[in-house]
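Inside the fold
Given next are the chains, with one letter for each unit.
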Amino acid sequence: MPDDLAERTAVAPIVDPAHAQAHPTRDGYLQAVAQARRAAAAYYAGEQALLDDAEYDALYARIVASEREHPQWRAADSPTAVVGTASGDVEHSSPMLSIGNVFNSEGLRDWAAKLEKTLGRPVTRYTVEPKIDGLAIAVRYTEGRLALIATRGSGHTGEDVTSQARLVAGLPARLPAPVTIEIRGEVYMTDADFAKGCDLRLAHGEPVFANPRSAAAGSLRAQRVYDVPLSFMAYAAYGVPAEHAHSHSATIEHLGTLGIATTAQSSAALTVCADIEEVTAAVAALGARRGDLGFGIDGVVVKADLTADQEQAGYSTRAPRWGIAYKFPADTRTTKLLRIDVQVGRTGVITPVAVLEPVQVGGVVVTSATLHNFADLQRRDVRPGDTVHIRRAGDVIPEITGAVHDARPADSAAYTPPDQCPRCAGDIDRSNQRWRCARGRACGEKATLLYYTSRDAMDIEGLGEKILDALLAAGHITDAADLYGLDVPTLAALDRLGTVSATNLVNSIAATRTRPLSRVLTGLGIRMTGRTLSRRIARHFGTMDAILAATPAEWEQVDGIGGERAAVISAELVEVAPLIAKLAAHGVNMTEPTGPAAAAAAAAAAADTDAPAGAALPLRRPDGSPMTVVVTGSVPGLTRNQGNEAVEELGGKSSGSVSPKTDFVVVGEGAGSKATKAADLGLPVLDADKFAQLLTAHRAGDHPTAVAILDTVLPRTAG
Ligand code: IVH
């Protein structure tokens, strides 16, 4: 049942800007320049993006490469030569420049090395702050009153947006002191406001925003009857009193005291770093938290902190030498929506899921995305075949924020939602925004249970579809955990099941309590996992507790689990957590015998005197305490350390020395004095081959065989 998404290998190409190739002809170059100019004009005007960030960066990088190779080609209107487009009517007090880009830590180090060469000495210190994905504005306060807000425009002149922007959060109308100052920063939309804004738009019959950045751009310039909240964050200022102007960090701190929102107060606070090593670490730390900030960042800006350093480094024609933007992989891209699948969740919730042409978003290849619900899908008029905007923030499952309606194929047809439950063909309950199968949880119960009991998963012998049907119909079970509560009389009362079969079934269900974690995990039917991946996950983490506590970064350590899969698996685990707890309460094993944490878990359980007697662990005494076992000589297939781990895995305590307290000694080839001492003390001895068999039986969940092997040395454990 896990609808494993087939691995797709085709990936939409992204040109690594560091390896961009020059255009073969000047015509090609000029076309690229024109395309970049059109895209930049749309970008700065806040119109629908013609290119997504990664495409623009790649295009720009090729233009740079061409100009480097063929300086004579250079067009006067190259995006490398000019800043933005000329428009508007406010002249900036000084040009609003852009900033150079790097895309990896190597680029960052190169930039720092160049800067230090320019200075002829190390940079005193650096700052690292979020590169907010919004629009640059300049804000003038005169005598403490908000006087003018202008967009960046051409960089030299911008548009007066004072009336639209004066309610932007983070820009007080009056400052606590009558200062005259110009502040520069970014207007952006928080993730929460973006969601609200999209709903507002739909409610007004307008198409939704493509992403928070274009939402902010559109809202800043629009004259609307409704307000979509915008926010501001400052990253520079002019006219700051000298005592606060000696460094960037001091300036930003000063702005904070004036009540202005700054990069220092954000959830991705500005940090001061002593050297480029610290900078690299801070950049990585911010990158890891990218999805949790509550607003979009498209990178990190690194600056020389001291004003003296900045002044000495100066500017190139286009950008300052004292600062650089470290760009993260684009987290909004466009791709083609191949089809819309319909998924029925465990509780019967029916959701449309987008199947996409693979595309890199936020550094991860994305092949599917959530479409929220059918009403939303229809209102947004997203259709199979459309070019759609995809957004992925951190570990969040990617979402489709809208479709590029202009690029729609002529033969496209509106999407028709299902009229019956795709799983059980029953009625759909449409009374809520989230549609559900009218049978709710019951819709999926049987399929889920069948999967749990199947040979690939828990392999419960003698439990077929007919018995499951009867148990479900009688209300004896609703989930897999209820199976472990069944008794002989209940089963025997079922049609066609005698006492003998009922007893056998109770026993075979009980025997699955000791199945390894990988089988339990398989049986849960987690989306995007199958038997093999479940085994890999179980081995990697060792215990269910470790799996449930795994962070996105830890998930990605597992071979075969990328960001997309990790997000889906985590979300699924949250859904089945109650069932997992119920299974554990029924004594179902939640550790993987060969997992790294298994030995530790066994040891911890052994130390915990309150732990229930481990009936499934062969090396436990009837009171639940561990037997003490010494392994000497080699055990076939195991290293010395694994031999000791195996003792713990079996529920025992391994010891290095033989004493009268030793319960028995495992003797293998090459055993020495310990075997002699065991004989002297008259201790029971288990042959290493037998011990290996015991381990195999235990790992296979075959408790009777394990007990029988032990009985050959320790008749007292019989029973
Ligand atoms: S400093 C001289 N700091 O990114 C330019 N810019 O490509 C100094 N941005 O135009 C810019 N967050 O719109 C700076 N913390 C930050 C920023 C930031 C976003 C934008 C800004 C600028 C562009 C640079």
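Residues numbered from 1 in each chain as written. Predicted model: local features only at pLDDT ≥ 70, side-chain atom pairs only at ≥ 80, totals over all residues. Heavy atoms only, no water.

1. A look at the overall build of the protein
- When helices and strands are counted, the protein shows 24 helices and 22 strands.
- Expressed as lengths along the three principal axes of its C-alpha atoms, the size of the protein is roughly 95 × 65 × 60 Å.
- Taken across its 719 residues, the protein has 49% of its residues classed as buried.
- Counting only contacts in the protein whose residues sit at least 6 apart along the sequence, the fraction spanning at least 24 positions is 68%. (Helix = DSSP H or I, 4+ residues; strand = E, 2+ residues; numbered from the N terminus. Buried < 20%, exposed > 50% of the residue type's maximum accessible area, 1.4 Å probe, protein only. Contact = heavy atoms within 4.5 Å.)

2. Considerations on the side chain of Arg290
- Assignment of secondary structure puts Arg290 in the loop between helix 8 (276–288) and strand 10 (297–304).
- Each residue touching Arg290, except ones within four places of it in the same chain, is listed here: Phe295, Ile297, Asp298, Phe328, Pro329, Ala330, Asp331 and Gly362.

3. A closer look at the sheet that holds strand 5 (residues 145–151)
- Read across the open sheet, the 4 strands follow the order 5-4-7-8; overall the sheet is antiparallel. What marks the edges here is a single partner per strand, and that holds for strand 5 and strand 8 (231–238). Neighbour-to-neighbour, the strand axes of this sheet turn through a mean angle of 30°, independent of strand direction.
- With 7 bridges joining them, strand 7 (residues 181–188) and strand 8 adopt antiparallel strand pairing. Counterpart to Ile183 in the pairing with strand 8 is Ala237.
- Lying on the sheet, helix 6 (residues 212–221) is in contact with strand 4 (135–142), strand 5 and strand 7; it crosses strand 4 at an angle near 45°. (Pairing = 2+ DSSP bridges. Axes fitted to C-alpha atoms, helices over the stretch in contact; angles between N-to-C directions.)

4. Here we look at the environment of Gln420
- On the secondary structure map, Gln420 appears in the loop between strand 16 (399–403) and strand 17 (428–429).
- For Gln420, a relative accessible area of 41% gives the class partly exposed.
- Between the C-alpha atoms of Gln420 and Gly218, which are 202 residues apart in sequence, the distance is 39 Å.
- In this view, Gln420 contacts Ala425, Gly426 and Ile428; residues no more than four positions away in its chain are not counted.

5. Section: empty space enclosed by the protein
- Tallied over the full model, the rule gives 2 cavities of 30 Å³ or more.
- In this structure, the second largest cavity spans a volume of roughly 30 Å³.
- Along its surface, the second largest cavity is lined by Leu371, His372, Asp376, Leu377, Arg380, Val382 and Ile400.
- Element by element, the count of residues in the lining of the second largest cavity is highest for helix 10 (residues 374–380), at 3 residues. (1 Å grid on protein atoms, 1.4 Å probe; cavity = no way out; pocket = protein on both sides within 12 Å on 5 of 7 lines; lining within 4 Å. Points joined across faces, edges and corners; volume = space filled by probe spheres on them.)

6. What about the pairing of strand 12 (residues 332–344)?
- Bridge count for strand 12 against strand 15 (residues 387–391) is 5 bridges, and the pairing is antiparallel. If you follow Thr334 over to strand 15, its bridge partner there is His389.
- Relative to strand 13 (residues 350–361), strand 12 runs antiparallel, the two sharing 7 bridges. Within the sheet, the bridge partner assigned to Asp341 lies in strand 13 and is Val353.
- Linking strand 12 back to strand 13 in an antiparallel pair, the connection comprises 5 residues, with Gly348 at a positive phi of about 90°.

7. Quick notes on the site of the ligand
- Near the ligand, the surroundings consist of 14 residues, among which Ile99, Pro130, Lys131, Glu186 and Tyr235 are the closest.
- At 3.2 Å from a nitrogen atom of the ligand is found a side-chain nitrogen or oxygen belonging to Lys303.
- For the ligand, whose free accessible area comes to 520 Å², the fraction covered by protein is 89%.
- Those elements that provide at least two residues to the shell around the ligand are strand 3 (126–132) and strand 10.
- With 4 residues, strand 3 is the largest single contributor of residues to the shell around the ligand.
- Class assignment of the residues belonging to the shell around the ligand gives a composition of 8 nonpolar, 1 polar and 5 charged. (Near = heavy atom within 4 Å. Polar contact = N/O pair within 3.5 Å; in protein donor to acceptor, adjacent residues only side chain to side chain. Areas by Shrake-Rupley, 256 points an atom, 1.4 Å probe, with all protein chains shown as cover. Nonpolar A, V, L, I, M, F, W, Y, C, P; charged D, E, K, R; others polar.)

8. Quick word on the sheet that holds strand 11 (residues 323–327)
- The 5 strands are arranged 2-11-10-3-9 in an open sheet whose pairing can be described as mixed. Where the open sheet ends on each side, the last strands, each with one partner, are strand 2 (101–102) and strand 9 (271–273).
- Inspection of the sheet shows strand 3 paired to strand 10 by 7 bridges, in the antiparallel sense. Bridge pairing links Thr127 to Lys303 in strand 10.

9. Considering the pattern of salt bridges
- For the structure on display, the rule yields 27 salt bridges.
- Across the pair Glu129 and Lys303 runs a salt bridge whose closest N-O atoms are separated by 2.7 Å. Remark: Lys303 occurs in strand 10 and Glu129 occurs in strand 3; sequence separation between them is 174 residues. Exposure class is identical for Glu129 and Lys303. Each is buried.
- Asp381 is the salt-bridge partner of Arg408, the closest N and O atoms lying 3.1 Å from each other. Here the residue Arg408 occupies a position in the loop between strand 16 and strand 17, and Asp381 occupies one in the loop between helix 10 and strand 15, the gap between them amounting to 27 residues.
- Among the residues examined, Arg408 registers a relative accessible area of 19% and is labelled buried.
- Owing to a relative accessible area of 26%, Asp381 belongs among the partly exposed residues under this scheme.
- Sharing partners across several salt bridges, the network here consists of Asp381, Arg383, Asp386 and Arg408. (Salt bridge = Lys/Arg side-chain N within 4 Å of Asp/Glu carboxyl O.)

10. Side note on unusual backbone geometry
- The phi angle at His372 is positive, at roughly 65°, despite the residue not being glycine.
- Along the chain, His372 falls in the loop between strand 14 (364–370) and helix 10.
- One non-glycine residue, Met528, lies in the positive phi region at around 65°.
- For Met528, a relative accessible area of 5% corresponds to the buried category.

11. What about the side chain of Glu67?
- Examined against the element boundaries, Glu67 turns out to sit in helix 2 (residues 53–69).
- Overall, the relative accessible area of 7% leaves Glu67 in the buried class.
- Within the local environment of Glu67, its side chain forms a polar contact with the side chain of Tyr29, the two groups lying 2.5 Å apart.
- Once residues within four sequence positions are removed from consideration, Glu67 is found in contact with Tyr29, Arg74, Ser78 and Thr80.

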